[in-house]
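A look at the structure
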Amino acid sequence: MAAHLSYGRVNLNILREAARKDLREFLDKCAGSKAIVWDEYLTGPFGLIAQYSLLKEHEVEKMFTLKSGRLPPADVKNIIFFVRPRLELMDIIAENILSEDKLQTPREFNILFVPRRSMLCEQRLKEQGVLGSFTNIDEYILDLIPYDGDLLSMESESAFRECYLENDQTSLYHTAKGLMTLQALYGTIPQIFGKGECARHVANMMLRMKREFAGSQTQILPVFDTLLLLDRNVDLLTPLATQLTYEGLIDEIYGITNGYVKLPPEKFAQKKQGEGGKDLPTEPKKMPLNSAEELYAEIRDKNFNAVGAALSKKAKIISAAFEERHNAKTVGEIKQFVSQLPHMQAARTSLANHTSIAELIKDITTSEAFFDNLTVEQEFMTGVDTDKVNTYIEDCIAQKDPLLKILRLVCMQSVCNNGLKQKVLDFYKREILQTYGYEHLLTLNNLEKVGLLKSQITTRNNYPTIRKTLKLWMEDANEQNPNDISYVYSGYAPLSVRLTQLLARPGWRSIEEVLKLLPGPHFEERQQLPPGLHKKRQQGENRTTLVFFLGGVTYAEIAALRFLSQMEDSGTEYIIATTKLINGTSWVKSLMDRPDQQV
């Protein structure tokens, strides 16, 4: 099931197996039949670690979603709550337990906190009078979840909000713990580089934890040469821009959740001859998206304008392979053709699915609205008219376009201009509040607190200097056969990835002045390796760098890092880790005040 996790430079299946082992051990603590009550947010991430079959082997008979009221009937000995440590969830659990039927055979209650136990939550359960009802109270440390052969995520949806808005550094502690787990499995990482306040915090915590566990180090030859910790607020621009890779656009338009996307069903209906168009499916089509699918691995990171050509090339190869059957004369040749048939049919299905998805995306990317939006984004990124009210944004507000689209554009203009002139900022705020409602005042306030929206204090705008020095805008980016990371945004090179690229070669000393213009400190730390564990590098062997984005990473940035890994002369392969996989919309939405009621 998870074979694709072990294809890459680093076998991430080891991490998945360690997580599965811990889960089995906990389930075996609760002897007898079990029902799991899930905090709904956890079902997606858990699905990447363990399928239902594993739970079934350990006597899990029923699964329910955590909701208020009474628990559904289940003839089991144990009820296990799998929950995040949140106070509002404790109230629901208390309600579930208190409404148990006293006449029935009593069931044993267990609670598993993911990723950490919480004193506050236990206190809340005590106040509700149910703490004594639990046989087991435990924690399941699920920090970094392998999403693909080169990608790990903590899927902590509010990490950026907590760090920059609420000044809560819990997610940074989880990050440091996750990195310690990683080092226990893959060896100590000798070099740590970082940029940003949060990066500094995480590095400090890691070094402190290492000192505390000084005697218990694992004797493992290091798999990673370098760890790069990057704060999301060092590069606020990249997530706001519309991603233009195939995977990035799927995420922008439909949203990828825990490695799956839900698509409009009518495009995927199997039409049988003579049936016409009756009974179209109404359930969205749910598709897994990862490198286990050969075609997806090939096209996911291409600029969308290069996807059509790649699909038609693949179609020719597949139909040529099917034509081979006419040439199979001997029994041996026929047998060989038949043995390849399942693989060929899977390839044909995969091609049909991705052709349908590409058509859905093309309908949007060829629309006038998409083009106009992209034009304004690219004007901002190249520094055109960033200091005055933008007429396109004004028109969008007047037409009452989705608020998140407006917020993304206004924030982008602010970031590219190092803040907006006070009268421009006041104009936008007034227009937004009058059109969308005054309840959004708190949202605008949040965006100001995290630095996405601000008034210009100094007249000096550093963005043009940063753009020129780091070559963030490349005219005539080659989308079909790229030679630079800027292809992922058709011209704009993500600042975060450019910093990563320059760290590998020629090193950050060459851009010292620009680093000072970006928020937060930059630093380098070295971790002592136990004797005999220094890696002897073979001639031509690539270095392996783990890039950790604190506060979220986009699929376009991941594509850019994969592009760097594949460049012949790069000398470095990248593994990507993050607190959350994001796009501009989900990121801005996480900063809204009560987003569920607003959007």
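Residues numbered from 1 in each chain as written. Predicted model: local features only at pLDDT ≥ 70, side-chain atom pairs only at ≥ 80, totals over all residues. Heavy atoms only, no water.

1. Here's the deal with the sheet that holds strand β15 (residues 572–578)
In space, the 7 strands of this open sheet follow the order β6-β7-β15-β14-β9-β8-β13, with mixed pairing throughout. The strands lining the two open edges of the sheet, one partner per strand, are β6 (145–148) and β13 (522–526). Mean inter-strand twist for the sheet, computed between neighbouring axes without regard to direction, equals 20°. Relative to strand β7 (residues 151–153), β6 runs antiparallel, the two being bridged by 3 bridges. Bridging across to β7, aspartate 148 finds its partner in leucine 151. Along the sheet, helix α22 (residues 555–566) contacts β6, β7, β14 (543–550) and β15; its crossing angle with β15, the most-contacted strand, is approximately 160°. (Pairing = 2+ DSSP bridges. Helix = DSSP H or I, 4+ residues; strand = E, 2+ residues; numbered from the N terminus. Axes fitted to C-alpha atoms, helices over the stretch in contact; angles between N-to-C directions. Contact = heavy atoms within 4.5 Å.)

2. Looking at the environment of threonine 382
For threonine 382, the location among the structural elements is in the loop between α14 (368–381) and α15 (391–398). Remark: the alpha-carbon pair of threonine 382 and methionine 474, spanning 92 residues in sequence, is separated by 9.7 Å. When residues no more than four places from it in sequence are discounted, the contact partners of threonine 382 are Arg467 and Trp473.

3. Some points on the layout of surface pockets
Taking a probe equal in size to a water molecule and rolling it over the atoms shows the remaining empty space. As a volume, the second largest pocket reaches approximately 810 Å³. Around the second largest pocket, the lining is made up of 32 residues, and of these Ala297, Glu298, Asp301, Arg562 and Gln566 lie nearest the centre. When contributions to the lining of the second largest pocket are tallied by element, the ones reaching two or more residues are α11 (294–299), α12 (307–323), α22 and β15. Split by residue class, the lining of the second largest pocket holds 11 nonpolar, 9 polar and 12 charged. (1 Å grid on protein atoms, 1.4 Å probe; cavity = no way out; pocket = protein on both sides within 12 Å on 5 of 7 lines; lining within 4 Å. Points joined across faces, edges and corners; volume = space filled by probe spheres on them. Nonpolar A, V, L, I, M, F, W, Y, C, P; charged D, E, K, R; others polar.)

4. Considering empty space enclosed by the protein
Summed over all chains, the structure comprises 3 cavities of 30 Å³ or more. The space that makes up the largest cavity amounts to roughly 70 Å³. Lining the largest cavity we find Tyr147, Asp148, Leu151, Glu247, Ile256, Gly259, Leu289, Asn290, Arg300 and Tyr555. Counted by class, the lining of the largest cavity contains 5 nonpolar, 2 polar and 3 charged residues.

5. Structural notes on the domain arrangement of the protein chain
Looking at the protein chain, the domain boundaries give domain 1 (3–142), domain 2 (143–241 + 492–589), domain 3 (290–366) and domain 4 (369–461). Between the C-alpha centres of domain 3 and domain 4 the distance comes to 43 Å. (Domains from an automatic or database assignment.)

6. A short note on the sheet that holds strand β11 (residues 260–263)
Taken in spatial order, the 3 strands make up an open sheet running β10-β11-β12, and their pairing is antiparallel. The open sheet is flanked by β10 (256–257) and β12 (285–288), the only strands paired with a single partner. Where β10 and β11 come together, 2 bridges link them in antiparallel fashion. Note that in β11 the partner of threonine 257 across the bridge is tyrosine 260.

7. Side note on a negative patch on the surface
On the surface, a cluster of negative charge is made up of Asp28, Glu59, Glu61 and Asp75. Locating aspartate 28 in the fold gives a position in helix α1 (residues 13–29). (Patch = residues over 30% accessible without salt bridge, like charges linked within 9 Å, V, L, I, M, F, W, Y side chains within 5 Å. Areas by Shrake-Rupley, 256 points an atom, 1.4 Å probe, with all protein chains shown as cover. Salt bridge = Lys/Arg side-chain N within 4 Å of Asp/Glu carboxyl O. Lys, Arg positive; Asp, Glu negative; His and termini not counted. Charge placed at Lys NZ, Arg CZ, Asp CG, Glu CD.)

8. Remarks on the pattern of salt bridges
Per the counting criterion, the structure on display carries 34 salt bridges. Glutamate 573 serves as the salt-bridge partner of arginine 9, at 3.3 Å between the closest nitrogen and oxygen. Placement of arginine 9 in the segment before α1 and of glutamate 573 in strand β15 is noted, with a sequence separation of 564 residues between them. Owing to a relative accessible area of 30%, arginine 9 belongs among the partly exposed residues under this scheme. Residue classification places glutamate 573 among the partly exposed positions, given a relative accessible area of 24%. Glutamate 252 is the salt-bridge partner of arginine 408, the closest N and O atoms lying 2.9 Å from each other. Placement of the pair is arginine 408 in helix α16 (residues 403–416) and glutamate 252 in helix α10 (residues 246–253), with a sequence separation of 156 residues. (Buried < 20%, exposed > 50% of the residue type's maximum accessible area, 1.4 Å probe, protein only.)

9. Looking at the packing of aromatic side chains
What the rule picks out here adds up to 15 aromatic pairs. Pairing phenylalanine 193 with tryptophan 508 gives two aromatic rings, centres 6.4 Å apart and planes at 70°, and the pair type is edge-to-face. Residue phenylalanine 193 is located in strand β8 (residues 191–195), and its partner tryptophan 508 is located in the loop between α20 (495–504) and α21 (512–517); the two are separated by 315 residues in the primary sequence. Across the pair, exposure class does not vary: phenylalanine 193 and tryptophan 508 are buried alike. Among the aromatic residues, ring-to-ring pairing joins Trp38, Phe46, Phe82 and Tyr140 into one connected group. Across from the ring centre of phenylalanine 322, 4.0 Å away, lies the NZ or CZ of arginine 348, which sits over that ring. (Phe/Tyr/Trp six-rings, centres within 6.5 Å; stacked < 30°, edge-to-face > 60°. Lys NZ or Arg CZ within 6 Å of the ring centre and 35° of its normal.)

10. Some remarks on unusual backbone geometry
Glycine aside, negative phi is the norm for most residues, and most peptide bonds take the trans geometry. Put simply, valine 114 and proline 115 share a cis peptide bond, and its omega is 0°. With respect to the element layout, proline 115 can be found in the loop between β4 (108–113) and α5 (119–127). The amide bond that connects arginine 505 to the next residue, proline 506, takes the cis arrangement and shows omega of 5°. Here proline 506 lies in the loop between α20 and α21. With phi around 45°, glutamate 155 is a residue other than glycine that occupies positive phi space. With respect to the helices and strands, glutamate 155 occurs in the loop between β7 and α6 (159–164).

11. Considerations on the packing of α10 against helix α13 (residues 331–365)
Contact pair α10 / α13: the axes reach a minimum separation of 11 Å and the direction vectors enclose 65°. By the angle between their directions, the pair α10 and α13 is classed as roughly perpendicular. Regarding α10 and α13, the two cross each other, and that crossing is left-handed. Within the contact between the two elements, α10 uses Tyr246, Leu249, Ile250 and Ile253 and α13 uses His354, Ile357, Ala358, Ile361, Ile364 and Thr365. (Parallel < 35°, antiparallel > 145°, perpendicular 65-115°, else oblique. Left-handed = near helix turned anticlockwise from the far one by under 90°.)

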